[in-house]
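This is what each chain is made of:
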Amino acid sequence: PEYPPFEYVEGDKTVGYDIDLWEAIAKKAGIEYVIEAMDFDAVISAVAADPNTVGLSGISITDERKLTVDFSEGYINAGLVVIVKADSGYTAAEQLKGKKIGVQLGTTSDFAAEEITGKENVAQYKTFLNAVMDLQGNKLDAVIIDKPVGQAILASLKDDNLVIVDMGLQADWYGIAVNKDNTELLDKINAALVELEAEGYFDELAVKYFSAQ
């Protein structure tokens, strides 16, 4: 869980936007659960292998992933943005062609970067934070990242030399991944999401995790 503000470790607890959301869903749906940490690129496979496993880790809903798992209704639109050096002059994706772009392995940023700059120029990391730190160290030209995650990382680093640029790459809805054989669980999750939205819970989460960004 190294994907703030959606999931991260604080002391000995896993916390974050997704964790709060799942606790609220589980309470409404009467679901008992345990949290298991794993590399992001292993989550979809874990869900596909076990009807009682769900994936909640800032997972973008994509057609490719829907071949393997089902998804809940999208719960937040976290479009892709680009982190660059403030003095880089980069304002459009075309300028990044042939440049070294950092991404988190297996994410939609990974796929977007490959389209822009070619696979040979994409640097894959276990976490976005490591990619941004290499950008600070001049090992990269840019990092493509989900907007709220980028905001959280820059807020924590407090580095005025880094800025977020919206290059209009794509909308990016996060959803909860559910095994294709457990439609009952999927229905429960979607019903809980509808109730939580009606109750204004997503507004509460936005204030808690994004208002200071």
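Preceding block: the structure.
None of the values given here were measured: they were computed from a predicted structure. (Residues numbered from 1 in each chain as written. Predicted model: local features only at pLDDT ≥ 70, side-chain atom pairs only at ≥ 80, totals over all residues. Heavy atoms only, no water.)

## Digging into helix H5 (residues 128-136)
Consideration 1: Buried residues of H5: Phe128, Ala131, Val132, Asp134 and Leu135, and no others. Seen end-on, H5 carries its buried residues on one side only, within an arc spanning 160°. (Buried < 20%, exposed > 50% of the residue type's maximum accessible area, 1.4 Å probe, protein only. Helix = DSSP H or I, 4+ residues; strand = E, 2+ residues; numbered from the N terminus. Arc of directions from axis to C-beta.)

## What to know about the sheet that holds strand E7 (residues 101-104)
Consideration 1: One open sheet accounts for 5 strands, arranged E8-E7-E9-E6-E10; its pairing is mixed. What marks the edges here is a single partner per strand, and that holds for strand E8 (122-125) and strand E10 (162-165). On average, each strand axis in the sheet is tilted by 30° relative to the strand beside it, whichever way the strands run.
Consideration 2: Pairing between E7 and strand E9 (residues 142-146): 2 bridges, direction parallel. Its bridge partner lying in E9, Ile101 is registered against Ala142.
Consideration 3: Together, strand E6 (80-85), E7, E8 and E9 form the strand contacts of helix H4 (residues 108-117), whose direction differs from that of E7 by roughly 155°.
Consideration 4: H5 rests against E6, E7, E8, E9 and E10 of the sheet, and its axis sits at about 155° to E9. (Pairing = 2+ DSSP bridges. Axes fitted to C-alpha atoms, helices over the stretch in contact; angles between N-to-C directions. Contact = heavy atoms within 4.5 Å.)

## Focus on unusual backbone geometry
Consideration 1: Cis geometry marks the peptide bond from Pro4 to Pro5, where omega comes out at 5°.
Consideration 2: Position of Pro5 relative to the elements: it lies in the segment before strand E1 (8-10).
Consideration 3: You will see that Asn138, though not glycine, has its phi angle at about 65°, which is positive.
Consideration 4: In this structure, Asn138 sits in the loop between H5 and E9.

## A few points about the pattern of salt bridges
Consideration 1: In total, this model carries 8 salt bridges according to the counting rule given.
Consideration 2: Of the charged contacts, one joins Asp70 and Lys180 as a salt bridge, the two residues approaching to 3.0 Å between their closest N and O atoms. With a gap of 110 residues between them, Asp70 in strand E4 (residues 70-71) and Lys180 in the loop between strand E12 (177-178) and helix H7 (183-198) connect regions that are remote in the sequence. (Salt bridge = Lys/Arg side-chain N within 4 Å of Asp/Glu carboxyl O.)

## Remarks on the packing of aromatic side chains
Consideration 1: Counted under the stated rule, the structure contains 8 aromatic pairs.
Consideration 2: Put simply, the rings of Tyr3, Phe6, Tyr17, Tyr75, Phe128, Tyr174 and Tyr209 pair up and form one aromatic cluster. (Phe/Tyr/Trp six-rings, centres within 6.5 Å; stacked < 30°, edge-to-face > 60°.)

## Describing the side chain of Asn179
Consideration 1: Counting through the fold element by element, Asn179 comes out in the loop between E12 and H7.
Consideration 2: Classification of Asn179 as buried rests on a relative accessible area of 4%.
Consideration 3: In contact with Asn179, not counting residues within four places along its chain, are Val47, Ala48, Ala49, Asp50, Pro51, Thr53 and Asp70.

## Here we look at the pairing of E7
Consideration 1: Of the two faces of E7, the one carrying Ile101 and Val103 and the one carrying Gly102 and Gln104 are both buried.
Consideration 2: Note that E7 and E8 share 4 bridges and pair parallel. Residue pairing across strands places Val103 opposite Gln124, the latter belonging to E8.
Consideration 3: Remark: the E7/H4/E8 crossover connection has right-handed handedness. (Right-handed = clockwise from strand over helix to strand, strands pointing away.)

## A look at the nonpolar core
Consideration 1: Tyr17, Leu21, Ile25, Tyr75 and Val143 are the most contacted members of the largest nonpolar core, which totals 43 residues.
Consideration 2: Counting residues per element, the ones that place at least two in this core are helix H1 (17-29), E6, E8, H5, E9, helix H6 (147-157), H7 and helix H8 (201-210).
Consideration 3: With 7 residues, H1 is the single largest residue contributor to this core.
Consideration 4: Not counting residues up to four positions away in its chain, the partners in contact with Ile25 are Ile176, Ile189, Ala192, Leu193 and Leu196.
Consideration 5: Formed by 16 residues, the second largest nonpolar core is a distinct cluster that contains Val84, Tyr90, Val103 and Ala112. (Core = buried A, V, L, I, M, F, W, Y, C linked by side-chain atoms within 4.5 Å.)

## Focus: the sheet that holds E12
Where strands meet in a sheet, backbone hydrogen bonds hold them as pairs that are either parallel or antiparallel.
Consideration 1: What the 3 strands build is an open sheet, ordered E3-E12-E4; its pairing is antiparallel. Each having just a single partner strand, strand E3 (54-55) and E4 make up the two edges of the open sheet.
Consideration 2: For E3 and E12, the ladder comprises 2 bridges, and the chain directions are antiparallel. Considered in E12, the bridge of Gly55 is made with Ala177.

## Re the environment of Leu185
Consideration 1: For Leu185, the location among the structural elements is in helix H7.
Consideration 2: Assessed through its relative accessible area of 12%, Leu185 is described here as buried.
Consideration 3: The spatial distance from the C-alpha of Leu185 to the C-alpha of Val54 is 9.2 Å, given a sequence separation of 131 residues.
Consideration 4: Filtering out sequence-adjacent residues up to four positions away, Leu185 remains in contact with Ile31, Pro51, Val54 and Val178.

In short, the description is geometric, and any link to function would need to be established separately.
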